[in-house]
Amino acid sequence: MGKTKINVTKTFLPPQIEFNTKLENAWNENWITNRGELVVKLENELKSYLSTKNIIATANGTLPLHIAIKGLGLKGEIITTPFSYVATTSSIVWEGCTPVFVDIHPEFLTINETKIESVITKNTSAILATHVFGNPCNVVAIDRIAKKHNLRVIYDAAHCFGVKYDGQSIFNFGDVSTCSFHATKVFHTGEGGALFCSDDLFHKMYYHHNFGHDGAENFFGLGTNAKMSELQAAMGLSVLPYFETIISERKKVVQFYNKQLNFEKLKTLKTRNHTEWNYSYYPIILESEETLLKVKNVLNKNNIFPRRYFYPSLNRLPYINSYSMPNAESISTRVLCLPLYVGLNEKILSTIVSLINKQLC
Ligand SMILES: *Cc1c(COP(=O)(O)O)cnc(C)c1O
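- The protein appears in an unreviewed UniProt entry as DegT/DnrJ/EryC1/StrS family aminotransferase from Urechidicola vernalis.
- Listed in UniProt under the heading Sequence similarities (unreviewed entry), the comment for the protein reads: "Belongs to the DegT/DnrJ/EryC1 family."

A look at the pattern of salt bridges
Phase 1 of the analysis: Per the stated rule, a full pass over the model turns up 11 salt bridges.
Phase 2 of the analysis: For Lys252, the salt bridge identified is with Glu249, shortest N-O distance 3.0 Å. Placement of both Lys252 and Glu249 in helix α9 (residues 243-260) is noted, with a separation of 3 residues, approximately one turn of the helix.
Phase 3 of the analysis: We classify Glu249 as partly exposed; its relative accessible area is 25%.

Quick notes on the site of the ligand
Phase 1 of the analysis: Around the ligand sit 14 residues in total, of which Thr62, Asp156, His159, Ser180 and Lys185 are the nearest.
Phase 2 of the analysis: Take Thr62: an N or O atom from its side chain is 2.6 Å from an oxygen atom of the ligand.
Phase 3 of the analysis: Between an oxygen atom of the ligand and a side-chain N or O atom of His159, the distance comes to 2.7 Å.
Phase 4 of the analysis: When the ligand sits alone it has 380 Å² of accessible area, and the protein chains cover 92% of it.
Phase 5 of the analysis: Placement of the ligand is best described as lying within the largest pocket.
Phase 6 of the analysis: Classifying every residue of the shell around the ligand gives 3 nonpolar, 9 polar and 2 charged.

Description of the environment of Gly236
Phase 1 of the analysis: Its location among the elements puts Gly236 in helix α8 (residues 230-239).
Phase 2 of the analysis: Assessed through its relative accessible area of 0%, Gly236 is described here as buried.
Phase 3 of the analysis: Gly236 sits 222 residues away from Pro14 along the chain, and the two C-alpha atoms are 9.7 Å apart.
Phase 4 of the analysis: Excluding anything up to four places from it in sequence, Gly236 contacts Leu42, Phe187, His188 and Thr189.

Reading the values: the criteria
- Residues numbered from 1 in each chain as written.
- Predicted model: local features only at pLDDT ≥ 70, side-chain atom pairs only at ≥ 80, totals over all residues.
- Heavy atoms only, no water.
- UniProt positions renumbered as here; feature names shortened; annotations may be inferred.
- Salt bridge = Lys/Arg side-chain N within 4 Å of Asp/Glu carboxyl O.
- Helix = DSSP H or I, 4+ residues; strand = E, 2+ residues; numbered from the N terminus.
- Buried < 20%, exposed > 50% of the residue type's maximum accessible area, 1.4 Å probe, protein only.
- Near = heavy atom within 4 Å.
- Polar contact = N/O pair within 3.5 Å; in protein donor to acceptor, adjacent residues only side chain to side chain.
- Areas by Shrake-Rupley, 256 points an atom, 1.4 Å probe, with all protein chains shown as cover.
- 1 Å grid on protein atoms, 1.4 Å probe; cavity = no way out; pocket = protein on both sides within 12 Å on 5 of 7 lines; lining within 4 Å.
- Sits in = over half its atoms within 2 Å of the grid points.
- Nonpolar A, V, L, I, M, F, W, Y, C, P; charged D, E, K, R; others polar.
- Contact = heavy atoms within 4.5 Å.

See below:
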(Lines give C-alpha, C1' and ligand atoms only; values in the text may rest on other atoms or scores of the structure.)
Protein backbone atom coordinates (compact mmCIF):
# COMPACT_ATOMS: atom_id res chain seq x y z
CA MET A 1 0.00 0.00 0.00
CA GLY A 2 0.94 3.65 -0.38
CA LYS A 3 3.15 5.61 1.97
CA THR A 4 0.51 8.13 2.95
CA LYS A 5 -1.05 7.43 6.28
CA ILE A 6 -4.81 7.01 6.12
CA ASN A 7 -6.26 8.08 9.46
CA VAL A 8 -9.79 7.71 10.75
CA THR A 9 -10.32 11.34 9.81
CA LYS A 10 -8.57 14.21 8.08
CA THR A 11 -9.33 17.77 9.08
CA PHE A 12 -11.09 19.72 6.33
CA LEU A 13 -9.03 22.85 5.69
CA PRO A 14 -10.49 25.71 3.66
CA PRO A 15 -8.22 27.56 1.19
CA GLN A 16 -5.72 29.38 3.43
CA ILE A 17 -6.39 32.70 1.71
CA GLU A 18 -9.99 32.58 2.92
CA PHE A 19 -8.90 32.09 6.52
CA ASN A 20 -6.37 34.93 6.20
CA THR A 21 -8.91 37.27 4.65
CA LYS A 22 -11.32 36.67 7.53
CA LEU A 23 -8.59 37.81 9.89
CA GLU A 24 -7.63 41.03 8.09
CA ASN A 25 -9.83 43.22 10.21
CA ALA A 26 -8.67 41.50 13.40
CA TRP A 27 -5.13 42.53 12.45
CA ASN A 28 -6.21 46.09 11.61
CA GLU A 29 -8.04 46.44 14.90
CA ASN A 30 -5.49 44.46 16.87
CA TRP A 31 -8.32 42.44 18.38
CA ILE A 32 -8.11 38.65 18.52
CA THR A 33 -10.15 37.64 21.53
CA ASN A 34 -12.82 38.72 24.08
CA ARG A 35 -15.76 38.05 21.83
CA GLY A 36 -14.78 40.25 18.91
CA GLU A 37 -16.75 40.62 15.72
CA LEU A 38 -15.75 37.20 14.33
CA VAL A 39 -17.09 35.22 17.28
CA VAL A 40 -20.32 37.19 17.20
CA LYS A 41 -20.58 36.71 13.44
CA LEU A 42 -19.96 32.97 13.74
CA GLU A 43 -22.63 32.67 16.44
CA ASN A 44 -25.13 34.51 14.24
CA GLU A 45 -24.33 32.47 11.16
CA LEU A 46 -24.58 29.21 13.08
CA LYS A 47 -27.85 30.25 14.67
CA SER A 48 -29.41 30.93 11.32
CA TYR A 49 -27.81 27.96 9.56
CA LEU A 50 -28.96 25.54 12.25
CA SER A 51 -32.21 27.29 13.18
CA THR A 52 -31.43 27.20 16.87
CA LYS A 53 -32.41 29.79 19.41
CA ASN A 54 -29.47 30.55 21.63
CA ILE A 55 -25.86 29.66 21.06
CA ILE A 56 -22.69 30.38 22.97
CA ALA A 57 -19.44 29.67 21.12
CA THR A 58 -16.86 28.10 23.40
CA ALA A 59 -13.15 27.27 23.42
CA ASN A 60 -13.83 23.53 23.09
CA GLY A 61 -16.61 20.98 23.41
CA THR A 62 -15.86 19.93 26.98
CA LEU A 63 -16.28 23.28 28.73
CA PRO A 64 -19.96 23.60 27.72
CA LEU A 65 -20.62 20.27 29.50
CA HIS A 66 -19.08 21.72 32.67
CA ILE A 67 -21.03 24.94 32.29
CA ALA A 68 -24.28 23.07 31.69
CA ILE A 69 -23.86 20.97 34.84
CA LYS A 70 -22.87 24.01 36.91
CA GLY A 71 -25.45 26.33 35.36
CA LEU A 72 -28.33 23.92 35.94
CA GLY A 73 -27.23 23.61 39.56
CA LEU A 74 -26.93 19.84 39.35
CA LYS A 75 -26.07 17.88 42.47
CA GLY A 76 -25.88 14.21 43.43
CA GLU A 77 -26.43 11.62 40.74
CA ILE A 78 -26.49 12.17 37.00
CA ILE A 79 -27.73 9.32 34.83
CA THR A 80 -25.46 8.85 31.84
CA THR A 81 -24.22 6.54 29.12
CA PRO A 82 -21.13 4.32 29.30
CA PHE A 83 -20.64 4.53 25.53
CA SER A 84 -19.25 7.97 24.70
CA TYR A 85 -16.02 9.90 24.71
CA VAL A 86 -14.48 10.22 28.19
CA ALA A 87 -15.47 13.93 28.43
CA THR A 88 -19.11 12.98 29.04
CA THR A 89 -18.23 11.13 32.25
CA SER A 90 -15.25 13.20 33.35
CA SER A 91 -17.22 16.45 33.30
CA ILE A 92 -19.80 14.91 35.67
CA VAL A 93 -17.09 13.77 38.09
CA TRP A 94 -15.14 17.05 37.78
CA GLU A 95 -18.28 18.98 38.73
CA GLY A 96 -18.61 16.93 41.91
CA CYS A 97 -21.53 14.78 40.78
CA THR A 98 -21.79 11.00 40.58
CA PRO A 99 -22.32 9.33 37.20
CA VAL A 100 -24.89 6.55 37.29
CA PHE A 101 -24.63 4.45 34.16
CA VAL A 102 -27.45 2.97 32.14
CA ASP A 103 -26.50 0.45 29.47
CA ILE A 104 -26.92 1.21 25.77
CA HIS A 105 -29.19 -0.03 23.04
CA PRO A 106 -27.14 -2.61 21.07
CA GLU A 107 -28.09 -1.24 17.65
CA PHE A 108 -28.62 2.50 18.12
CA LEU A 109 -25.65 2.64 20.55
CA THR A 110 -27.40 5.36 22.56
CA ILE A 111 -28.55 5.08 26.18
CA ASN A 112 -31.37 2.54 26.63
CA GLU A 113 -34.17 4.86 27.71
CA THR A 114 -36.31 1.95 28.92
CA LYS A 115 -33.79 1.28 31.70
CA ILE A 116 -33.48 4.86 32.94
CA GLU A 117 -36.40 4.90 35.38
CA SER A 118 -35.13 1.87 37.31
CA VAL A 119 -32.01 3.76 38.46
CA ILE A 120 -33.68 7.04 39.45
CA THR A 121 -33.30 7.75 43.19
CA LYS A 122 -34.08 10.77 45.36
CA ASN A 123 -30.53 11.94 44.63
CA THR A 124 -30.90 11.97 40.84
CA SER A 125 -30.77 15.46 39.37
CA ALA A 126 -30.33 14.97 35.63
CA ILE A 127 -29.80 12.79 32.59
CA LEU A 128 -26.68 13.48 30.51
CA ALA A 129 -26.78 11.38 27.37
CA THR A 130 -24.77 11.32 24.14
CA HIS A 131 -26.19 11.26 20.62
CA VAL A 132 -23.58 8.69 19.59
CA PHE A 133 -21.95 9.16 16.16
CA GLY A 134 -24.67 11.71 15.37
CA ASN A 135 -27.45 9.20 16.07
CA PRO A 136 -30.08 10.82 18.31
CA CYS A 137 -31.11 9.33 21.64
CA ASN A 138 -34.82 8.64 22.06
CA VAL A 139 -35.35 12.30 22.92
CA VAL A 140 -39.13 11.96 23.18
CA ALA A 141 -39.02 9.19 25.79
CA ILE A 142 -36.19 10.88 27.71
CA ASP A 143 -38.16 14.13 27.80
CA ARG A 144 -41.18 12.28 29.17
CA ILE A 145 -39.12 10.57 31.89
CA ALA A 146 -37.41 13.83 32.84
CA LYS A 147 -40.72 15.70 33.19
CA LYS A 148 -42.26 12.92 35.24
CA HIS A 149 -39.35 12.85 37.71
CA ASN A 150 -38.45 16.53 37.60
CA LEU A 151 -34.99 15.95 36.12
CA ARG A 152 -32.89 18.15 33.85
CA VAL A 153 -31.62 16.87 30.50
CA ILE A 154 -28.26 17.63 28.90
CA TYR A 155 -27.30 16.18 25.55
CA ASP A 156 -23.67 15.74 24.63
CA ALA A 157 -24.21 16.43 20.94
CA ALA A 158 -20.49 16.69 20.15
CA HIS A 159 -20.95 14.58 17.00
CA CYS A 160 -24.14 16.21 15.83
CA PHE A 161 -23.36 19.30 13.79
CA GLY A 162 -25.97 19.36 11.01
CA VAL A 163 -28.10 16.53 12.43
CA LYS A 164 -31.86 17.03 12.33
CA TYR A 165 -34.43 15.02 14.20
CA ASP A 166 -38.11 15.27 13.32
CA GLY A 167 -37.32 18.17 10.99
CA GLN A 168 -35.38 20.36 13.40
CA SER A 169 -31.86 20.71 14.74
CA ILE A 170 -31.03 18.05 17.31
CA PHE A 171 -29.46 20.89 19.36
CA ASN A 172 -32.99 22.10 20.17
CA PHE A 173 -33.69 19.09 22.40
CA GLY A 174 -33.02 18.87 26.13
CA ASP A 175 -32.45 21.77 28.53
CA VAL A 176 -28.94 22.17 27.16
CA SER A 177 -27.11 20.65 24.19
CA THR A 178 -23.39 20.89 23.63
CA CYS A 179 -21.32 20.47 20.50
CA SER A 180 -17.62 20.07 19.76
CA PHE A 181 -15.88 21.93 16.95
CA HIS A 182 -12.64 20.00 17.43
CA ALA A 183 -10.56 19.47 14.28
CA THR A 184 -11.67 15.82 14.13
CA LYS A 185 -15.37 16.69 14.04
CA VAL A 186 -17.54 17.23 10.90
CA PHE A 187 -17.59 21.00 11.41
CA HIS A 188 -14.64 22.54 13.20
CA THR A 189 -12.86 25.65 14.41
CA GLY A 190 -9.55 23.86 15.19
CA GLU A 191 -10.49 23.59 18.84
CA GLY A 192 -13.91 24.86 19.76
CA GLY A 193 -17.46 24.08 20.66
CA ALA A 194 -20.84 25.50 21.51
CA LEU A 195 -23.62 25.43 24.04
CA PHE A 196 -27.28 25.59 22.98
CA CYS A 197 -30.08 26.34 25.42
CA SER A 198 -33.49 27.93 25.85
CA ASP A 199 -34.11 31.64 26.60
CA ASP A 200 -34.57 31.15 30.34
CA LEU A 201 -31.13 29.53 30.75
CA PHE A 202 -29.19 31.71 28.34
CA HIS A 203 -28.21 34.57 30.63
CA LYS A 204 -26.76 32.26 33.28
CA MET A 205 -24.92 30.04 30.81
CA TYR A 206 -23.59 33.14 29.08
CA TYR A 207 -22.04 34.74 32.15
CA HIS A 208 -20.72 31.37 33.34
CA HIS A 209 -18.66 31.16 30.12
CA ASN A 210 -17.13 34.62 30.60
CA PHE A 211 -15.87 34.77 34.21
CA GLY A 212 -19.30 35.86 35.45
CA HIS A 213 -18.75 39.36 34.05
CA ASP A 214 -21.46 42.01 34.02
CA GLY A 215 -19.47 44.64 32.12
CA ALA A 216 -15.88 45.35 33.07
CA GLU A 217 -16.30 45.96 36.79
CA ASN A 218 -19.39 44.08 37.90
CA PHE A 219 -20.19 40.40 38.19
CA PHE A 220 -23.45 38.51 37.83
CA GLY A 221 -22.00 35.47 39.60
CA LEU A 222 -19.49 32.68 39.28
CA GLY A 223 -17.86 32.02 35.95
CA THR A 224 -14.97 30.43 34.16
CA ASN A 225 -13.18 31.19 30.92
CA ALA A 226 -14.76 29.22 28.09
CA LYS A 227 -14.59 31.91 25.43
CA MET A 228 -13.83 31.13 21.81
CA SER A 229 -11.08 33.26 20.25
CA GLU A 230 -11.26 35.28 17.03
CA LEU A 231 -8.74 32.91 15.42
CA GLN A 232 -11.03 29.95 16.07
CA ALA A 233 -14.08 31.87 14.82
CA ALA A 234 -12.21 32.79 11.62
CA MET A 235 -11.65 29.09 11.00
CA GLY A 236 -15.33 28.35 11.61
CA LEU A 237 -16.44 31.12 9.27
CA SER A 238 -14.09 29.74 6.61
CA VAL A 239 -15.29 26.14 7.00
CA LEU A 240 -19.03 26.82 7.23
CA PRO A 241 -19.53 27.71 3.52
CA TYR A 242 -18.15 24.25 2.67
CA PHE A 243 -20.33 22.33 5.09
CA GLU A 244 -22.84 21.08 2.49
CA THR A 245 -19.95 19.86 0.34
CA ILE A 246 -18.36 18.19 3.35
CA ILE A 247 -21.60 16.32 4.02
CA SER A 248 -22.17 15.24 0.42
CA GLU A 249 -18.56 14.03 0.06
CA ARG A 250 -18.78 12.07 3.31
CA LYS A 251 -22.08 10.60 2.19
CA LYS A 252 -20.36 9.12 -0.86
CA VAL A 253 -17.81 7.38 1.38
CA VAL A 254 -20.57 6.03 3.61
CA GLN A 255 -22.49 4.75 0.59
CA PHE A 256 -19.36 2.99 -0.65
CA TYR A 257 -18.89 1.20 2.66
CA ASN A 258 -22.61 0.38 2.81
CA LYS A 259 -22.45 -1.23 -0.59
CA GLN A 260 -19.13 -3.05 -0.36
CA LEU A 261 -18.63 -4.31 3.20
CA ASN A 262 -19.59 -7.87 4.07
CA PHE A 263 -22.57 -7.37 6.36
CA GLU A 264 -22.93 -11.06 7.01
CA LYS A 265 -19.96 -10.74 9.34
CA LEU A 266 -20.27 -7.25 10.72
CA LYS A 267 -22.80 -4.57 11.56
CA THR A 268 -22.80 -0.82 11.37
CA LEU A 269 -24.77 1.89 13.14
CA LYS A 270 -28.54 1.76 12.93
CA THR A 271 -29.87 5.30 12.74
CA ARG A 272 -33.11 6.22 14.44
CA ASN A 273 -36.18 6.92 12.28
CA HIS A 274 -36.90 10.59 11.48
CA THR A 275 -33.18 11.41 11.59
CA GLU A 276 -31.36 13.48 9.01
CA TRP A 277 -27.89 12.15 9.72
CA ASN A 278 -24.54 13.93 9.18
CA TYR A 279 -22.27 11.04 8.10
CA SER A 280 -19.96 11.81 11.01
CA TYR A 281 -18.52 8.36 11.73
CA TYR A 282 -18.52 4.91 10.18
CA PRO A 283 -18.43 2.37 13.00
CA ILE A 284 -18.22 -1.32 12.22
CA ILE A 285 -19.18 -3.77 14.94
CA LEU A 286 -17.36 -7.08 14.58
CA GLU A 287 -18.17 -10.50 16.01
CA SER A 288 -15.41 -10.52 18.60
CA GLU A 289 -12.51 -8.48 19.91
CA GLU A 290 -10.22 -11.08 18.38
CA THR A 291 -11.65 -10.34 14.93
CA LEU A 292 -11.40 -6.61 15.60
CA LEU A 293 -7.72 -6.91 16.44
CA LYS A 294 -7.11 -8.99 13.32
CA VAL A 295 -8.83 -6.38 11.16
CA LYS A 296 -7.08 -3.49 12.89
CA ASN A 297 -3.67 -5.10 12.55
CA VAL A 298 -3.99 -5.84 8.88
CA LEU A 299 -5.19 -2.29 8.20
CA ASN A 300 -2.35 -0.83 10.28
CA LYS A 301 0.15 -2.91 8.32
CA ASN A 302 -1.19 -1.20 5.22
CA ASN A 303 -0.84 2.26 6.76
CA ILE A 304 -4.56 2.57 7.50
CA PHE A 305 -5.51 3.66 11.00
CA PRO A 306 -9.12 3.17 12.09
CA ARG A 307 -9.92 4.10 15.70
CA ARG A 308 -11.54 2.22 18.53
CA TYR A 309 -14.31 4.73 19.27
CA PHE A 310 -15.21 4.20 22.06
CA TYR A 311 -12.98 1.99 24.14
CA PRO A 312 -13.00 1.28 27.05
CA SER A 313 -16.61 1.42 28.19
CA LEU A 314 -16.73 4.45 30.53
CA ASN A 315 -18.00 2.45 33.53
CA ARG A 316 -14.51 0.88 33.47
CA LEU A 317 -12.64 4.14 34.03
CA PRO A 318 -10.20 3.94 36.95
CA TYR A 319 -12.07 6.61 38.96
CA ILE A 320 -15.49 4.99 38.46
CA ASN A 321 -17.25 2.48 40.63
CA SER A 322 -20.11 0.98 38.65
CA TYR A 323 -22.12 -2.10 37.92
CA SER A 324 -21.13 -3.87 34.73
CA MET A 325 -22.76 -2.70 31.50
CA PRO A 326 -22.97 -5.80 29.29
CA ASN A 327 -23.93 -4.15 25.99
CA ALA A 328 -21.56 -1.19 26.25
CA GLU A 329 -18.68 -3.39 27.41
CA SER A 330 -19.27 -5.91 24.66
CA ILE A 331 -19.67 -3.34 21.89
CA SER A 332 -16.76 -1.21 23.02
CA THR A 333 -14.44 -4.20 22.57
CA ARG A 334 -15.80 -4.87 19.07
CA VAL A 335 -16.29 -1.45 17.47
CA LEU A 336 -13.92 0.18 15.04
CA CYS A 337 -14.48 3.50 13.24
CA LEU A 338 -13.29 3.39 9.65
CA PRO A 339 -11.60 6.27 7.78
CA LEU A 340 -14.21 8.81 6.71
CA TYR A 341 -13.37 12.24 5.32
CA VAL A 342 -13.50 14.50 2.31
CA GLY A 343 -11.06 13.36 -0.36
CA LEU A 344 -10.92 9.68 0.52
CA ASN A 345 -10.82 8.19 -2.98
CA GLU A 346 -12.34 4.97 -4.28
CA LYS A 347 -8.99 3.30 -4.70
CA ILE A 348 -8.21 3.63 -1.02
CA LEU A 349 -11.77 2.74 -0.07
CA SER A 350 -11.57 -0.43 -2.18
CA THR A 351 -8.35 -1.37 -0.44
CA ILE A 352 -9.88 -0.81 3.00
CA VAL A 353 -12.97 -2.83 2.16
CA SER A 354 -11.14 -5.73 0.58
CA LEU A 355 -8.67 -5.96 3.49
CA ILE A 356 -11.59 -6.07 5.93
CA ASN A 357 -13.72 -8.50 3.94
CA LYS A 358 -10.78 -10.83 3.45
CA GLN A 359 -10.27 -11.06 7.23
CA LEU A 360 -13.90 -11.98 7.72
CA CYS A 361 -14.31 -14.98 5.44
C1 LIG B 1 -15.10 15.30 20.95
C2 LIG B 1 -16.05 14.98 22.05
C3 LIG B 1 -16.14 15.76 23.22
C4 LIG B 1 -15.14 16.80 23.59
O5 LIG B 1 -14.99 17.80 22.70
P6 LIG B 1 -13.64 18.67 22.70
O7 LIG B 1 -13.98 19.76 21.73
O8 LIG B 1 -12.54 17.78 22.23
O9 LIG B 1 -13.43 19.19 24.08
C10 LIG B 1 -17.16 15.49 24.13
N11 LIG B 1 -18.01 14.47 23.93
C12 LIG B 1 -17.94 13.68 22.85
C13 LIG B 1 -18.94 12.58 22.68
C14 LIG B 1 -16.93 13.88 21.88
O15 LIG B 1 -16.82 13.05 20.85
